[in-house]
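Single-letter residue listing:
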Amino acid sequence: MRLQSPSMSELHAFVTAARLGSFTQAAEALCVTQGAVSRAIARLEAHFGQPLMHRNAHGLTLTDTGRRLYDGAQAPLQAIEALSAELRADDRRLRLTLSSVPTLASAWLVPRLPDFHQRHPDIQLSFAAYRRNEDCSGATPDASILSGTPEQWPGWHADYVIGREMVVICHPGRLAARRAQGLWSTPAGLLGEALLYHSNGVDNWAQWFAAAGVPRESVKLSNGFDQVSILVRAVMADMGIAVLQRCLVRDDLQAGRVAAPFPDLPIRIARGYHLCAPAQRRDHYALACFRLWLLETAGRDPDVLAAGAPG
């Protein structure tokens, strides 16, 4: 049977906004962004195919349908929340559900997790599906490792982990050929190449060149990819060159699958991977253990050590 009900996070956003009469106050109550509340209610209206509330100078006004939904959903949501808290109270402190940028998880985090489990064999760690605009308004995940800058997550605890250190990668044969031609002696020499990029980091090339002293307006991008793994494969196929977080491609560099024209050029960008969690989960025992281990582990990474203490 096809379910007709919407998701719990969308209902929570709607009921909280309707109760408080404000998207801003609802966001503060749920420890998410105002945009997350707005998107959740938009999805809810799309689900029912009609508006549920109107915004005006005096706040929010429910439509007739919105009033019916609010009256019908408020009490059941409160009951479900109370029951959920009761059922989860006993074992929640030793359970941790995370979501993470997939490439970081596979290339950097997962290979290091045996050390975490050795230190904390009593903690059960599981991974939820990754969402780029995670709002942590539901029961899971407890925290997320997201890519960006701290101001993107107001009201959250956002600890920098790794990923500001960038490196240009290319096919080893391309590097050998360019060096044999006397090219690529400076970063500006890369401008004539096909500059491949990740669709979630369109500005990475411009930031890298600017830090290397090359005018940003000279940068002309080539093909874009929405997954780091595919972007790296494109470099291995010699479609062009790419600039990526060094922690994601260190194994490929060490194995010789890709090469770095300027391996010792210390260029860092503002974006990085952060462990993000709502403020109300600060005292979650398993999360506190994982946070301490994660920051210690990242602090031993060669790139983070070279950069000094993260800001």
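Here is a short report on the structure shown in this document. (Residues numbered from 1 in each chain as written. Predicted model: local features only at pLDDT ≥ 70, side-chain atom pairs only at ≥ 80, totals over all residues. Heavy atoms only, no water.)

Observations regarding the side chain of arginine 246
Inference 1: Its location among the elements puts arginine 246 in helix H10 (residues 246-255).
Inference 2: When its relative accessible area of 16% is taken as the criterion, arginine 246 is described as buried. (Helix = DSSP H or I, 4+ residues; strand = E, 2+ residues; numbered from the N terminus. Buried < 20%, exposed > 50% of the residue type's maximum accessible area, 1.4 Å probe, protein only.)

Structural notes on the pairing of strand E6 (residues 156-162)
Working note: regular strand, side chains alternate between the two faces of the sheet.
Inference 1: Of all seven residues in E6, five are buried, a share of seventy percent or more.
Inference 2: The pairing of E6 with strand E12 (residues 272-278) spans six bridges and is classified as antiparallel. Note that in E12 the partner of tyrosine 160 across the bridge is histidine 274. (Pairing = 2+ DSSP bridges.)

Points about the pattern of salt bridges
Inference 1: In total, this model carries 11 salt bridges according to the counting rule given.
Inference 2: Between aspartate 238 and arginine 174 there is a salt bridge, with the nearest N and O atoms lying 2.7 Å from each other. Here aspartate 238 is found in the loop between helix H9 (228-236) and strand E10 (241-245), whereas its partner arginine 174 is found in helix H7 (residues 172-180), with 64 residues between them in sequence.
Inference 3: Since its relative accessible area comes to 11%, arginine 174 is described here as buried.
Inference 4: Put simply, glutamate 193 and arginine 178 hold a salt bridge, and the shortest N to O gap is 2.7 Å. One end of the pair, glutamate 193, is in the loop between H7 and strand E8 (195-198); the other, arginine 178, is in helix H7, with 15 residues separating them in the sequence. Arginine 178 matches glutamate 193 in its accessibility class, with the two residues each being buried.
Inference 5: By sharing partners, the salt bridges in this structure join Arg174, Arg178, Glu193 and Asp238 into a single network. (Salt bridge = Lys/Arg side-chain N within 4 Å of Asp/Glu carboxyl O.)

Some remarks on the packing of aromatic side chains
Inference 1: Scanning the model with the defined rule gives seven aromatic pairs in all.
Inference 2: Here the aromatic rings of phenylalanine 116 and phenylalanine 290 are separated by 5.4 Å at their centres, their planes lie at 80°, and the arrangement is edge-to-face. One end of the pair, phenylalanine 116, is in helix H6 (residues 113-119); the other, phenylalanine 290, is in helix H11 (residues 285-299), and 174 residues separate them in sequence.
Inference 3: Classification of phenylalanine 290 by relative accessible area gives buried; the value is 0%.
Inference 4: Relative to tryptophan 208, the ring of tryptophan 205 has its centre 6.0 Å away and its plane inclined at 85°; by these criteria the two rings are edge-to-face. In this pair, tryptophan 205 and tryptophan 208 are both assigned in helix H8 (residues 204-211), three residues apart and thus about one turn of the helix distant.
Inference 5: Relative accessible area serves as the criterion here: at 1%, tryptophan 205 is assigned to the buried category.
Inference 6: Assessed through its relative accessible area of 2%, tryptophan 208 is described here as buried.
Inference 7: One Lys or Arg, arginine 164, reaches over the ring of tyrosine 160 and ends 3.8 Å from the middle of that ring. (Phe/Tyr/Trp six-rings, centres within 6.5 Å; stacked < 30°, edge-to-face > 60°. Lys NZ or Arg CZ within 6 Å of the ring centre and 35° of its normal.)

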